[in-house]
Amino acid sequence: MAKSDNEGNSKYINLLGLAVLLVCYVGAIWNVVKAKRQEERADVIRIVHWQLELGVRDGLQAMIDKFEIYKAEQGQAVEVVQIPIPERAYNQYVTTQLIGGTAPDMIQIGFFPMEYLGRYFYPLSNEIQKPNPFIAERIVELSQKESLTEAEEAESEYLDILVDKPWMDTFRDGLRGQFRPDFQEYFGVGFSTFTVRMYYNKNLFKKVLGHDRAPSSFEELIDFSNQIVAYGEKENITLLPIASSKYQARVFRYLYLGEITSDLAREYDMDYNGVADGSEKLMAMLRGDLTPWNEQYAASIDVVQELADFFPRGFMSMGREDSGFAFVQGEAGMITSGSWDAMSYLKKIQDQPEESRFEVGIFDLPPISKTHPKYGAFADGRRSEAAAGTGFGFGITRFTRNFDLCVEFLQFSTTPQHNTELNEIAKWIPVVHGSVPSGFLKNFEPNSVGYSGDASFAVMTGGKVTLLEDQVYWPLISGDSTFETYANDLWNKLPPEAATDYKRMYQGSTESIPNRQARRTAYLANVVFGDQDPAARTAAEIQLQRSLQPLMQFQTSQKTLDRKMEITLEQIPDDEKIQEFNQNFFKALEREMSQ
Amino acid sequence: MCLQPLRAEKPEVLVNAWQEYQFLSMETAEIYFKQALALDTDPQYLLEAKVGLAMVNQYKEQGQDLETAKKLYTQVLEQDPPTEMRQLIFSFLADLHLSQGEDEEALELLDALIAECANSVIGQDALIRKVILTMGPYGSEESVAVADEAVSLIENLSIEPTQARPYLIPLISSLLGGIYFWADDFEQSLAQSEIFTTLGNAETTSYGSQYAALYQMAKIYELELNQPEKAGVYYRRIVEDYPNSNISYYALEKAIEFKAMTRSEVEALRLPGVTPEILTELFTIESGEDD
């Protein structure tokens, strides 16, 4: 009997499986037919991205609608299909589509291996050096109006400046954010830029502090936070000064690390290129300059510990959404996040019953003043946002049949007028000169004042030292460890981890040479076999030069590391602790290199 | 300079082959090159397709067939190809020898290319490879000797590189500047960086490499040669020409400290976030004056 039941179930499951398969099959066929039909009635371009934040899809769709109307007026039926994919599935989706040769025409750049850029995307360096033709069109459009609004007058002034400039120079950062040093090429054109600020609850500030002024210094941030705590205790309500999870704590960590140690980074910069890279930080460790006991580095930890007193209990196990929720619910005075969260926060606050809504203020993370009794001596200054580049960037894949149309869409969307409009809807920060951020977002405009670099121990991005640093850092910040335990743990465990990272850096620098060589030969052949018109020949030579630059860096990187090490070894101090660190490092390095 | 003569339009399949090659899609490129070889077309294009096929065999990531590559290059050379095509093949043959550990043979070819066409990017590419191959460790005497030889060769070229057509001169200067820098020969390093930053620009090299070179020059003048007024000139160039670099504010502070910029000059730049209060502080604290 039991056997017969099992057989029945099995038959049923088989049938169900077959049905699911059939539905999938029909679905797939339907998709193909739909795409074919779409392509028959119009030139179709597909654009994929992972931005599911409120407003972003609407902003992009507004551009799409306008572009389709514009092209229709020109007599060309065009359909732009927006494909939003969740962040978690993005890499897998893009990889499958690119490898399968079925990728959409335009793909938002990110979350996939950057090596794909060279294999599947058209370099746009030549396109972005020509003017954006839609700027000239807009000038004509405005000139035909009888009178201009104040905003149009301002726009007009910018248009006159931008009209003859290369497209790239119409972006506030010269489109630097889309430049890929590994290829020395631009692969994308973007629509927005992003910065990080503090959001605060103005109503709560008024109630607790008697004013809704943002703190202007680190000292005030601490003072205001203390007052919020005291108020909560007095009123017997749960009130958080700063809503935080590990995500937010990380923001504070790196911002204040930079603020207190960027001058150290300049000191460690052996080749004077403006950056202390991982190898130079390692050299600083070997010289004994960078240790956990370095008073500046230690101060940067103190600062975050001081702030962490105002985070919710158990913030390390909380997610970014939890802290955001606490803030929009009015349970916290402040929260730090990027401009990308602005729309979501505002919408959620707006969606609450009227009595729970509150006004949001924005301020820059307060700097540590030079007069601060404990940290003032180390205060260098805020982190510069001069390099806050163009993000939300799209590349054009080699599988497109409508390359020119894709370029046209990107040009259309990046005039001052359209860039303002897209970002107005998305509540993001526009990036084109002459575009205007909406009132609230003015607070997020990148500020070039400040410095770059910091003195962390990271030898290479995502390396073993970074993992180790994370392992010992967070227990300290969450109060589960002491500074001495942290410092001893980090220092004692560093040598083998640093050796592994150094070996990977040393040997890894040569791994991509064959690939770069192949690219070099492609461009060298292009000089000889390409168009011999003088302008085209020069363009091919310049492309060759750009391809040679990263290759040359890879070819000389081991020599550079050797030289840095040679210089460093002459400077090892006669200090037992440092000597021991060096011995352990070189012993581990020898072991690593022999593997 | 040996330019190709004008000829019939290139077959589409050959154009496609090169495009696939540029994307490093070698298997597809190989198919297209083979198809191009079967065409009844201008013999020059057949030679070009053969070179392409040889390149695929030589440079593909996996399953390289150096013997076939060599055979194909030889076949083209036997058919008396145009000068630049022959030079290109020599360049690839030098790579081939290097990958087989035949450094002497490779160097011979590179030397021949440098002697024959240092005025073109093919010869200059050969020079870059020769310098890297023979320079030894940074900081060594041999590295400086190699750089000296390259400098003298570049100085005697009969071309006049410009920003619009820089050839590979900015890149060569960058390479040589690095050699002199690590050998503590700062005067020579500065001379090479000067070439890199005047002949090269953000479009022909890159934004990042240009401001990094200016920063290095400023630091050399400031820290190694104790010439702050000259350092100020280069800090100023960073502020003016590369305001989107993340070192631009630091460079601004330094340019003011070394009196390379007046307040009105800074104000005219309208740097985001640089308020009158910040400027007052910078001009008061750093240089003790507020013009």
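Everything below is about the structure shown above.
All values derive from a computational prediction rather than experimental measurement.

A look at the sheet that holds strand E1 (residues 43-49) of chain A
Residues and elements named next belong to chain A.
Point 1. The strand order E2-E1-E3-E11-E6-E12 describes an open sheet built from six strands, whose pairing is mixed. Every other strand in the sheet has two partners, leaving strand E2 (78-84) and strand E12 (429-430) as the edge strands with one partner each.
Point 2. Pairing of E1 with strand E3 (residues 106-108) involves two bridges; the strand directions are parallel. Bridged to Val48 within E3 is Ile107.

What to know about helix H10 (residues 278-287) of chain A
Residues and elements named next belong to chain A.
Point 1. The buried fraction of H10 is high, at 10 of 10 residues.
Point 2. Those residues of H10 that sit buried are Gly278, Ser279, Glu280, Lys281, Leu282, Met283, Ala284, Met285, Leu286 and Arg287.
Point 3. In this fold, the buried residues of H10 make contact with helix H9 (246-268), helix H17 (483-511), helix H19 (534-569) and helix H20 (576-594).
Point 4. Just past H10, the residue Gly288 takes up positive phi, approximately 85°.

A word on the side chain of Thr193(A)
Residues and elements named next belong to chain A.
Point 1. Here Thr193 is to be found in strand E6 (residues 188-193).
Point 2. Within the local environment of Thr193, its side chain forms a polar contact with the backbone oxygen of Gly389, the two atoms lying 2.8 Å apart.
Point 3. The residues contacting Thr193, other than those within four sequence positions of it, are Ser339, Ala388, Gly389, Gly391, Ile429, Pro430, Val431 and Pro446.

Notes on the pattern of salt bridges
Point 1. A complete count under the given rule lists 54 salt bridges over all chains for this structure.
Point 2. The shortest N-O distance in the salt bridge between Glu141(A) and Arg138(A) comes to 3.0 Å. A residue pair is termed a helical-turn pair when its members lie 3 or 4 positions apart in one helix, as Glu141(A) and Arg138(A) do in helix H5 (residues 133-143) at three residues.
Point 3. Since its relative accessible area comes to 5%, Arg138(A) is described here as buried.
Point 4. A salt bridge links Lys34(B) to Glu30(B); the nearest nitrogen and oxygen atoms lie 3.5 Å apart. Residue Lys34(B) and its partner Glu30(B) are both found in helix H2 (residues 26-37); the two are separated by four residues, about one turn of the helix.
Point 5. According to the relative accessible area criterion, Glu30(B) is buried, its value standing at 16%.
Point 6. Ionic contacts of the salt-bridge type, sharing partners, join the residues Arg197(A), Asp364(A), Arg382(A) and Glu385(A) into one network.

Rules and cut-offs
- Residues numbered from 1 in each chain as written.
- Chains lettered and ligands numbered in written order.
- Predicted model: local features only at pLDDT ≥ 70, side-chain atom pairs only at ≥ 80, totals over all residues.
- Heavy atoms only, no water.
- Pairing = 2+ DSSP bridges.
- Helix = DSSP H or I, 4+ residues; strand = E, 2+ residues; numbered from the N terminus.
- Buried < 20%, exposed > 50% of the residue type's maximum accessible area, 1.4 Å probe, protein only.
- Contact = heavy atoms within 4.5 Å.
- Polar contact = N/O pair within 3.5 Å; in protein donor to acceptor, adjacent residues only side chain to side chain.
- Salt bridge = Lys/Arg side-chain N within 4 Å of Asp/Glu carboxyl O.

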